[in-house]
Amino acid sequence: MDRNLIPDQYADQFSQAQYNAPPLTYPLVVNTFTKELGKRPNEVFDSFTTKAVSGASIGQVHQAELAGKKYAVKIQYPGVANSMKSDLAIVKPIALRLFQLDSQSLDPYIKEVQERLLEETNYHLELERSQDLAEKSKQLSNTRFPQFFPEMSSLRILTMEWVEGAHLDTYAESNASSEEKLKIAQALWDFYHHQIHELRLFHADPHPGNFKVHDNQLWVLDFGCTKALSDTFYKDYFSLMNPDVLGDEQLFQDALFKIGLILESDKSHEVKKLTAIFRESVELLSRPFYEGSFDFGDRAYFDELAAFGERTRLDKELNKLSTSRGNPNALYLNRTYFGLYHLLGSLGSTVKTSLPEFTESA
């Protein structure tokens, strides 16, 4: 999602996993259908493409037709769940060395990632969450959701309405007018603001392959990765953005302590250093929330984010504080805002924003 992290050639290859990964062969697709639904694709549909129309990291999509209606049929790659577990087992020792952590410190974060990844392999859960979140978000302007079909779905197959249009990255590079792109950008911001701050259950995979634009409407295609937030964690996390908390040294330190960013074992000079770094981080990352409207087309803001990340990465004093920090529940929340900001940046629009209600200064 962030093309500044690695050379363009690598970014181009990795980004293909969003919706252009190498496809399964058709015999394997037939085999999955037979195991899951007891029928071959051509026994379920009037027509079914033998080649995938798109492919992502854990499954691929075929277009099908039945009684004149088009469907998108997502089919999971065989053995994905087991592969994810083995991949994480490989990644863990690399992460331990990279971040200079012990296994016990890293385990809560590995567990969080594994839970979310394994949820993505459960299409029964994705179907349930897709229908639930779509129903609870249907009032949002310019935001649409495909219809899902449980009778043609299973644990490893998910069938939904076919949606025309361009994926979000293609749309962002199109000659659509600035007014049209603004409408989509605002819909994207409102969609996430509603799900995170009102539903406390949100779509946690904001990359362009999960969205399409058709007839000036934002279509949300994939709810495979979702994250629920408890009320306690939500309030503790977003209290950092409360102007009353952010402007008070002790209240801000207390808030950092609650979500594990400052620890009881930290020495006083370490607390001072960390408080200053986290205040700068919160002020920078929450800037879009405070201004009423924010220009995500301003590259200077993203340059400032990148510079802050690079400066903290090279800070030798910070590097010595190698103990793991932060609540694991923040992993996918941080990732979601990271992805959202970059999607909005690609659209280059100025969107209307606001603080969550409970963080507003009395």
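Residues numbered from 1 in each chain as written. Predicted model: local features only at pLDDT ≥ 70, side-chain atom pairs only at ≥ 80, totals over all residues. Heavy atoms only, no water.

(A) Molecular detail of the overall build of the chain. Check the secondary structure of the chain and you find 16 helices and 13 strands. Its C-alpha atoms give the chain a radius of gyration of 22 Å, near enough to 21 Å, the size a compact globule of 362 residues would have. Within the chain, the fraction of its 362 residues that count as buried is 49%. Considering only contacts within the chain whose residues lie at least 6 apart along the sequence, 68% involve residues at least 24 apart. (Helix = DSSP H or I, 4+ residues; strand = E, 2+ residues; numbered from the N terminus. Rg over C-alpha atoms; globule rule 2.2 N^0.38 Å. Buried < 20%, exposed > 50% of the residue type's maximum accessible area, 1.4 Å probe, protein only. Contact = heavy atoms within 4.5 Å.)

(B) Spatial organisation of the packing of aromatic side chains. Applying the stated criterion to the full structure yields 21 aromatic pairs. A centroid spacing of 5.6 Å and a plane angle of 75 degrees characterise the contact between Tyr301 and Phe302, whose relative ring orientation is edge-to-face. For Tyr301, a relative accessible area of 1% corresponds to the buried category. Over the face of the ring belonging to Tyr234 we find Arg200, whose NZ or CZ atom lies 3.7 Å from the ring centre. The ring of Trp162 has Lys212 sitting right over it, with the charged end atom 4.8 Å from the ring centre. (Phe/Tyr/Trp six-rings, centres within 6.5 Å; stacked < 30°, edge-to-face > 60°. Lys NZ or Arg CZ within 6 Å of the ring centre and 35° of its normal.)

(C) Structural detail: the side chain of Thr336. You can see Thr336 is positioned in helix α16 (residues 330-347). Those residues within four positions of Thr336 in sequence are excluded, and the remaining contacts are Tyr192, Ile196, Phe202, His203, Ala204 and Pro206.

(D) Representation of helix α6 (residues 123-136) within the structure. Taking 1.5 Å per residue as the helical rise, α6 with its 14 residues ought to reach 20 Å, and the 20 Å between its terminal C-alpha atoms agrees with that figure. The N-cap of α6, judged by a side-chain oxygen 3.0 Å from the amide nitrogen of His124 a few residues on, is Asn122. (Expected span 1.5 Å × (residues − 1). Polar contact = N/O pair within 3.5 Å; in protein donor to acceptor, adjacent residues only side chain to side chain.)

(E) Geometry of the pairing of strand β4 (residues 69-76). Burial analysis of β4 places six of its eight residues in the buried class, the great majority of the element. Linking strand β3 (residues 59-66) back to β4 in an antiparallel pair, the connection comprises two residues, with Ala67 at a positive phi of about 55 degrees. Of the strand pairs in this sheet, β4 and strand β6 (residues 157-161) are connected by five bridges, and their pairing is antiparallel. Paired with Lys74 across the strands is Leu158, a residue of β6. (Pairing = 2+ DSSP bridges.)

(F) Spotlight on the confidence of the model for the chain. In the predicted model, the chain carries a mean pLDDT of 90, and 94% of its residues have values of at least 70. Predicted confidence in the chain is weakest over helix α1 (residues 8-15), with a mean pLDDT of 70, and strongest over strand β10 (residues 217-220), with 98. (pLDDT = per-residue confidence, 0-100.)

(G) Fine view of the nonpolar core. Counting residues in hydrophobic clusters, the biggest one holds 66 residues, and the most contacted among them are Leu168, Leu188, Ile196, Phe211 and Leu333. Top element by residues in this core is α16. It accounts for nine residues. Sequence-distant contacts of Leu333, defined by excluding residues within four places in its chain, comprise Ile196, Phe202, Leu229, Phe233, Tyr237 and Phe238. In terms of nonpolar packing, the next biggest core, distinct from the first, is built from 25 residues, Phe45, Phe48, Val73 and Met152 among them. (Core = buried A, V, L, I, M, F, W, Y, C linked by side-chain atoms within 4.5 Å.)

(H) Local environment of the environment of Pro93. Structurally, Pro93 can be placed in helix α4 (residues 80-99). Taking the C-alpha atoms as reference points, Pro93 and Ser103, separated by 10 residues in sequence, lie 8.3 Å from one another.

(I) View of helix α14 (residues 299-313). The end-to-end C-alpha distance of α14 is 21 Å, a good match for the 21 Å that 15 residues give at a rise of 1.5 Å each. As for α14, its buried residues are in contact with α12 (268-285), α13 (287-290), β12 (293-295), α15 (316-320) and α16. Where α14 begins, one side-chain oxygen reaches toward the backbone nitrogen of Ala300, 3.0 Å away; that side chain belongs to Asp298.

(J) Molecular detail of the sheet that holds strand β7 (residues 166-167). The sheet built from four strands is open, its strands ordered β5-β10-β9-β7 with mixed pairing. Looking at strand neighbours, the two that pair on one side only are β5 (143-144) and β7, the edges of this open sheet. The strands that helix α8 (residues 178-199) touches are β5, β9 (211-214) and β10; relative to β10, the one it contacts most, it runs at about 40 degrees. (Axes fitted to C-alpha atoms, helices over the stretch in contact; angles between N-to-C directions.)

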